Amino acid sequence: MGKQIKFFQILLFVFLYILISVNTQILDVSNPIFSTYNKYQKGSNNPTCDFTFEFLTPNTSQLFFTSYYDVMGEPSVRNDFFIVFTVELEGFPIGNHTGTANYGVDSLIINFNCLPINFKNMEFKIYPNLRTNRFTDDGSAIVVIDGLNAPLNGLLDGKGRIYTPISNNAFKIYRETLYNGGNISFKFLNESDPNGFSLHNSTIPTLYEDRGNSNNFTYQLESYPFGENSYEVMGIGYGPLQTIKTETTEIDPLIIFENNDYSINEPTPIYSGNGKTTYINPIGYVRKNLDTNVFVYENITTKVLIGSNNISIIEKSLSQPFVEIVTNMDGPIKGVMRITPFLNISKYNFLVYSYEIEGMGFLNETFPFGFEYGSNLIGFSHSISFILPNLTSSSNIGFKLMPLNFYYFYTYAVIPLKYPALYSVDVIHLFEFKYLFQIQVDYNLMLKSFTINNKEYSHEKLVAQSTAASTFLNSNHHVYEIVIDTFSHYPEIITYKDIYGYSQDFKIGKVTSPNSHNRIPYPPKLQDVDMFSISNISYLYQIVDVTNKTIQNIIYFNFTSPIEKDRVIGFQLLDRVSLNQIKNDGIGRVYYSQWNSTIRMFQVEFEIPSNTQSGVIPWKLVFGGWSYISDNYEGNSATLFSSYLSKSVQLTCISNNFDGFGPVINSLLDISNGTKVGFTMNIYDPVNGFKNGTIRITGEIDSSSYIYYLAPTIGQIYQRQLLPNEINVVSLNGDDKSDYYQLWIPVPSIACIQQNYSITYAELYDTQMNRAIFSENGNIVQPIQNPFINIMNNQNKFVPSYCSNSMDDTTPFLNDFQMNEYPNGVFNFNFSVTDLISGIRSDQIPIIYISTLYLETIKCYPKLVYESLETCNYTCSIKIPYGFGFRSEYIFSVYGLINNGGYYSGYSSYALELNGWKNRHTAVYIDFMPETMTITSTSTINEKGGLLWVMGSNFYNDFIDPSGNLYPSMFVYINYTDSFTMVEKNPITIYGSAFSIMVNATKNPFTIYCLQINLNSDMVSISNKYTVVPKISNISYDLPITLPPTSTPSATLPTTPSPSQTQSPTTLPTNPPQLCLGDPICGGPNQGYCLSNVGCVCYSPWIGKDCNSQVIIIPQPKPKPTDPSTEIIITPNSTSSNNNQHSFKSIVSLIGIREIDFNSKIVNEYYFEKWNLTEINNEINLYQLSITVPPTTIDGFSTTTFINTTLEWFTKETNISFANQSLIMNPSTIKYTISLSSYNYKNQLNQLELIMSASLLSSKTEDICSESEFGETNSLDNSNYLKIKVDDHSLYGRFIKRALVDGLPKSISNTLLDKSEFNSLKTIDTTPHSDQSFIAISIPQYKEYVIIDPDFSVLIDHSKSSNSNNICATSKSGLSSGQIAGIVIGSVGFVAVVSISLVYHFIKKKNNKKQLRNMKNKLKVLN
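Residues numbered from 1 in each chain as written. Predicted model: local features only at pLDDT ≥ 70, side-chain atom pairs only at ≥ 80, totals over all residues. Heavy atoms only, no water.

What follows deals with the overall build of the protein. Of regular secondary structure, the protein possesses 6 helices and 111 strands. Buried residues in the protein amount to 57% of all 1423 residues. Once local pairs closer than 6 in sequence are excluded, the contacts in the protein between residues at least 24 apart make up 67%. Accessible surface, the protein as shown: approximately 58000 Å² in total, 51% of it carbon and sulfur. (Helix = DSSP H or I, 4+ residues; strand = E, 2+ residues; numbered from the N terminus. Buried < 20%, exposed > 50% of the residue type's maximum accessible area, 1.4 Å probe, protein only. Contact = heavy atoms within 4.5 Å. Areas by Shrake-Rupley, 256 points an atom, 1.4 Å probe, with all protein chains shown as cover.)

Here it is as structure tokens:
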């Protein structure tokens, strides 16, 4: 295959060379789609168009484009022979245009058109923003314009404001903060109007929902710190706060702070209880001695002053400590820098320094990195070393140090530029908004990294598509894989960077290589959607009580405009607690939609956090990080906020204890016991409870640092593995609501310096992930999350009283520093530190820094192995990550040596070398991935099991033996802790950085790991073990379908279940263990495996008791206009599986229903006829009828039962859920969804049976056999099966033993009926060439509705005949070997799964090679 690709590449190159040399010499390589050459006008008032064209020419310096006006082409990508120029045209008027591309030797003419938008039939829809304090979107309204013949890229209002689209012809209107609706006009160009423009007037309804007369409430204002006229802040940016308490919980009064920094904003609610709500607001910084005024509004225009705050703010006194910077470029290591200190510093503020070498890399670090010697009291010096390149892409390279605003430029030799090109970029959707980018580049390029969405992926984060060194190194192109989460933004640009500092941007949709003409593709599954066509929004619970409990819920919705069923839609709550979570990590919790095939709606299962704010809960739907807007690909995120929807679909909660503030520190006291000093602090969170947190205490003179990880008890699930230098602390009493924590600092036994110890950082979380955070140096500024809010006027520091004021005026020094390298990239360091006067502060661990040319840095935290009065010995081992410092040497430095007298020291790499110690490691060249597999993360999975995606690196799945046969080499092992079983599986889909597998239902954590073997079954590699924790859901039923109460059948809509429907589900059936059948067992390792106490477990697309039935593709059968029967005819050569000279026909039918009593005697019987067909779309058809049920002796009235049957055709493998069971719909599957409305039983002990028929016939009548069997599948499937076989075809049916009854999954039974019961119908005789079976699906008695969900698929069946009672037309007792084809018709719910299976029996060994090669291709494309 690789040789074929190389040949094709050479052929393409020769073709282009001949084409350019002999023919036009200019080639138009613009995207060959209609919209490239035909644009519609940009805006409502802008009758112009923009165009982008790309031209391929021989390598030349410039290209001219002559048209309406002349422009120069910009070079985009090139190689040694060709160059692609991009021509950008702006502002071309409406009309037909001609342009000429010319580079001096030859020219090329193209035609293009600017088309007008027809505004005559447009209609406006206005969606006002509710805009209460509960909603976060800042728009005033959404304007949607229907009736246009093209997308509109700009909308101008009558006052000259321009709005850009957020989706197709949808525009967000922005107004001032207190805007409350009114008239608005929009300006449109009208070519038929002599004046040129016309105005369209609209009205934006009132934006604010009724918030009452805010002046009717009473308000209680409090300031923090309390009673102070001036306040010196504890940390930079952590100024005073003000709270307001009102007697309301459901409505937020309209309160406005006019802050003394000129800002105007509403305060943030943080608590509610006892009918009152507390809001908080920071007091501004700009005008520090002027008032902050607080107003409430009687109405939208009248405000009343209710208070003010005139506290004077005193900034934190933190001096900048530097007066001189000296650079030295003559040392052994290029780039030695020494920073001379500012003396007499009272306190060091631990600011973060940013070091940057332009084009190469940057590093952000704080103490102790770079601190060479000194103390914070008498002064210190700062010294670092870094590597500068020998060759660069630019003659001048700049070094920058921030926040000191220091710049220095160096002159270097320039390397001849090797122009980069991305030969191809493939984008593959994995799951949710996770996409796999496969980027193919020339192997000669010195790639350093790719940057996507502002995140750099260097070699330690890239995954080579082939992990075999021989394959990777012998290829002309290297293929790298990156998994990208596109929830926030789909990448618009991929930035390539090489090791010499050269970078180039490759834009989405543009040519990335002059050889291949390939482009970065537009995102699959993210096509623009008419999000305002959303309809039928409902919830499992629309009103919920979240007082002291988290609630699991479901939202259901659909769209009136077309949308793919497998479209990924993100859902995110925007209530106060969820907003806090988003604020913490930038993303928060995101939930994703699934298509519910039973009710034909999208659904999202989500959690409402405990104790969030009462009232409306805002949310948003995210349709992808990309929106197609008139081919103007600007990466707009299509997002629908619930605040633009009607009040009737708003989600509402009740909460008696709203808690939107993190844990607070209520008290802080000094403690000591002679050998230790520290703090006792009370952490208080009376509603949600304290979960965990981190506290850092720092010595103000010697910068000693102590990090504490706090949790209420050791046994709680909140525990995690401690980080280096971290101390675990539990509360004194184990109370998460209010308890005390002791943070101890050891006192040196030899000597100690009297200094303040301050809390410089605190980060605390409650059980709902509300955060309280404080940072003294201003690295994080969140004043309204200050955990010290109740003690802001207290000091967060203490001074040990028994330490001497005398200092040791010498610094600690290194006695020895040794580095040794071990196999697999392991570095070991051993060093010794001495201080002859005060000794070493042994509780402070130095840090070894390993840095590269690109300023990449990793840290090694040593262990103390020996301690005396003067000396400490340390050892440290670290495994260098793969790809770290690609083609760069490593340099070492060590900092953070602290003595007991207040001094610290450190050694740069330059200083280590001056002392004769090893300070660097030679260059590392890595051109292919290591053999070790690594699992880093997985997709989310719930207790129902299903498809699990596993991310990591170095996964591959096959090897080829000397005969050319393909065998799987990677196996996945799953250890289920609840059943103590280990399961071996082959991946369903596999890439170098991700693979997917099916996992069983389980509520307990389970572990997965991978194993690779070679041809001799020897282990090649084993991955790490990774623990997966299923998400447990308490939702046990689907949304029901309400059927129409009228006599005319019609399509129906789902509704929210009533409380009476929330009963517990019944126990569902489990099949007994089955024998593992087949030769080889379960079809062999490529088709399935034998699971103890279960039976054969098959890999998709294989099914059956022996995994020898395989899905094949057939044309979609045409719907019958009279009834929902499925008739599939296979004629000679109609599919790849039927090479016979005779035909087969299978028919699956719904016969009727019958009511039976407890003795199985038929009470009433109804045969189906007179169905009404409605075509929903090309793939879905709805059949409807009704039956009249005779009166009973109880009520004496006839009733009507409505029956809806939906036939849905699947063209690709799709995961669905039915009755709490995850199922896979195979390609060429037709699924029946059958629903019955309420039925009036004659007796309370009676029940219904649904009768189905399955038949198979062959046109061949001689030398032929037929057989049938009925039994049970394995316990994973929990079904019955029916198998009808005629000649070399079979009909296979699966009947799952569960149904959705009144919204709950319930057990049902399936029975094979005697055909003689249906003699009154036109049945098919049982002969050697035909057979028919009838199946009764027993429906337990129900009240409101029942849902059935069968499906039918076509298979290839390799099974041998196992029935000695077959009927034959000759004396043969069985079938001859050969191909056996079939259709599988399956049942989901109580549904029959019946299939026609095409079955092979491969008996010639020479066929194995072809089969295995085909299998390789399938393994790579299965999804």
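Turning next to the environment of Leu1248. Residue placement: Leu1248 occurs in strand β100 (residues 1247-1258). In this structure, the C-alpha to C-alpha distance between Leu1248 and Glu1165, residues 83 residues apart in sequence, is 9.5 Å. Not counting residues within four places of it along the chain, the set of residues in contact with Leu1248 comprises Ile1153, Arg1154, Glu1155, Leu1236, Tyr1239, Tyr1241, Ile1337, Ser1338, Ile1339 and Tyr1342.

Core analysis: the biggest nonpolar cluster contains 45 residues, and Met681, Ile695, Ile697, Leu710, Ile759 and Phe788 have the highest contact counts within it. For this core, the elements supplying multiple residues, two or more each, are β58 (664-672), β59 (676-684), β60 (690-699), β61 (705-711), β63 (738-746), β64 (757-766) and β65 (771-775). Top element by residues in this core is β64. It accounts for 5 residues. In contact with Ile695, not counting residues within four places along its chain, are Ile665, Met681, Tyr706, Ile707, Tyr708, Leu710, Leu743, Ile759, Tyr761, Ala762 and Leu764. In this structure, Leu1150, Ile1230, Ile1234 and Val1301 belong to the second largest nonpolar core, which totals 42 residues. (Core = buried A, V, L, I, M, F, W, Y, C linked by side-chain atoms within 4.5 Å.)

Strand order across the open sheet formed by 4 strands is β22-β21-β25-β26, with antiparallel pairing between neighbours. Since the sheet does not close on itself, it has two edges, and those belong to β22 (264-265) and β26 (303-309), each with one partner. Across 2 bridges, the pairing between strand β21 (residues 255-258) and β22 is antiparallel. Looking across to β22, one finds that Glu258 is bridged to Ile264. (Pairing = 2+ DSSP bridges.)

In this section: the confidence of the model for the protein. Taken as a whole, the protein shows an average pLDDT of 79; of its residues, 79% reach a score of 70 or greater. Contacts of residues 15-23 to residues separated by more than four positions or lying in other chains number 16 contacts, the stretch itself having pLDDT below 50. Confidence over residues 1036-1065 falls short of pLDDT 50; this stretch has 80 contacts with residues more than four positions distant or in other chains. (pLDDT = per-residue confidence, 0-100.)

Take the state of the cysteines next. Scanning the model with the defined rule gives 5 disulfides in all. Across a sulfur-sulfur distance of 1.5 Å, Cys860 and Cys876 are joined as a disulfide pair. Here the S-S torsion is close to -115°, and the disulfide linking Cys860 with Cys876 is therefore left-handed. Of this pair, Cys860 sits in strand β70 (residues 857-860) while Cys876 sits in strand β72 (residues 871-879), placing them 16 residues apart in sequence. Both residues of the pair, Cys860 and Cys876, count as buried. Cys1076 shares a disulfide with Cys1090; S-S distance 2.0 Å. Measuring handedness by torsion sign, the sulfur bridge of Cys1076 and Cys1090 sits at about 85° and is right-handed. Highlighted residues: Cys1076 in the loop between β86 (1026-1028) and β87 (1088-1091) and Cys1090 in strand β87, separated in sequence by 14 residues. (Disulfide = S-S within 2.5 Å.)

With the rule as written, the count across this model stands at 65 aromatic pairs. Both rings, one in Phe371 and one in Phe380, keep their centres 5.2 Å apart while their planes meet at 45°; by these two values the pair is tilted. Classification of Phe380 as buried rests on a relative accessible area of 1%. Linked through ring pairs, Tyr37, Phe51, Phe53, Phe55, Phe65, Tyr68, Tyr69, Phe92 and Phe112 together constitute an aromatic cluster. Of note, Lys676 hangs over the ring of Trp744, and the distance from its end group to the ring centre comes to 4.6 Å. (Phe/Tyr/Trp six-rings, centres within 6.5 Å; stacked < 30°, edge-to-face > 60°. Lys NZ or Arg CZ within 6 Å of the ring centre and 35° of its normal.)

Our focus in this paragraph is a nonpolar patch on the surface. Taken together, the side chains of Phe813, Leu836 and Ile837 present a nonpolar region at the surface, about 290 Å² in accessible area. Structurally, the position occupied by Ile837 is in the loop between β68 (826-834) and β69 (847-851). (Patch = residues over 30% accessible without salt bridge, like charges linked within 9 Å, V, L, I, M, F, W, Y side chains within 5 Å. Salt bridge = Lys/Arg side-chain N within 4 Å of Asp/Glu carboxyl O.)

Take the pattern of salt bridges next. Per the stated rule, a full pass over the model turns up 24 salt bridges. Notably, a salt bridge pairs Arg841 with Asp702, separated by 2.7 Å at the nearest N-O pair. With Arg841 in the loop between β68 and β69 and Asp702 in the loop between β60 and β61, this pair connects stretches of sequence that are 139 residues apart. Under the relative-accessibility criterion, Asp702 is labelled buried at 0%. For Lys1231, the salt bridge goes to Glu1208, with nearest N and O atoms at 3.9 Å. Of this pair, Lys1231 sits in strand β99 (residues 1229-1237) while Glu1208 sits in strand β96 (residues 1199-1210); the two residues are 23 residues apart in sequence, bridging distant segments of the chain.

Moving on to the side chain of Thr1206. By the secondary structure assignment, Thr1206 is in strand β96. For Thr1206, the side chain forms a polar contact with the side chain of Arg600, separated by 3.2 Å. Contact partners of Thr1206, with chain neighbours within four places excluded, come to Arg600, Ile1180, Asn1181, Leu1182, Lys1231, Tyr1232 and Thr1233. (Polar contact = N/O pair within 3.5 Å; in protein donor to acceptor, adjacent residues only side chain to side chain.)

Alternating residues of strand β45 (residues 503-507) divide into Gln504 and Phe506, all buried, and Ser503, Asp505 and Lys507, none buried. Taken together, the 5 bridges between strand β44 (residues 493-498) and β45 define a ladder with antiparallel strand orientation. Residue pairing across strands places Tyr496 opposite Gln504, the latter belonging to β45.

Within helix α4 (residues 576-585), 8 of the 10 residues are buried, which leaves the element mostly enclosed by the surrounding structure. Looking only at α4, the buried set comprises Arg576, Val577, Ser578, Leu579, Asn580, Gln581, Ile582 and Asn584. Summarising the contacts, the buried residues of α4 are in contact with β23 (268-273), β49 (570-573), β57 (658-659), β64 and β65. The backbone nitrogen of Val577 has a side-chain oxygen 3.2 Å away, supplied by the residue at the start of α4, namely Asp575. One or two positions beyond α4, positive phi appears at Gly586, with a value near 85°.

Moving on, we get to empty space enclosed by the protein. One pass over the structure, following the stated rule, counts 8 cavities of 30 Å³ or more. A volume near 120 Å³ is recorded for the largest cavity. If you go around the largest cavity, you meet 15 residues; those closest to its centre are Phe369, Ile384, Ser385, Phe386 and Ser851. The set of elements that each furnish at least two residues to the lining of the largest cavity consists of β33 (379-385) and β73 (890-898). Sort the elements by how many residues they give to the lining of the largest cavity and β73 lands first, with 4 residues. Here the lining of the largest cavity is built from residues that sort into 10 nonpolar, 5 polar and no charged. For the second largest cavity, the calculated volume is near 100 Å³. Lining the second largest cavity are 14 residues, with Pro1117, Lys1118, Pro1119, Leu1207 and Ile1230 positioned closest to its centre. Secondary-structure elements contributing two or more residues to the lining of the second largest cavity are β91 (1126-1130) and β96. (1 Å grid on protein atoms, 1.4 Å probe; cavity = no way out; pocket = protein on both sides within 12 Å on 5 of 7 lines; lining within 4 Å. Points joined across faces, edges and corners; volume = space filled by probe spheres on them. Nonpolar A, V, L, I, M, F, W, Y, C, P; charged D, E, K, R; others polar.)

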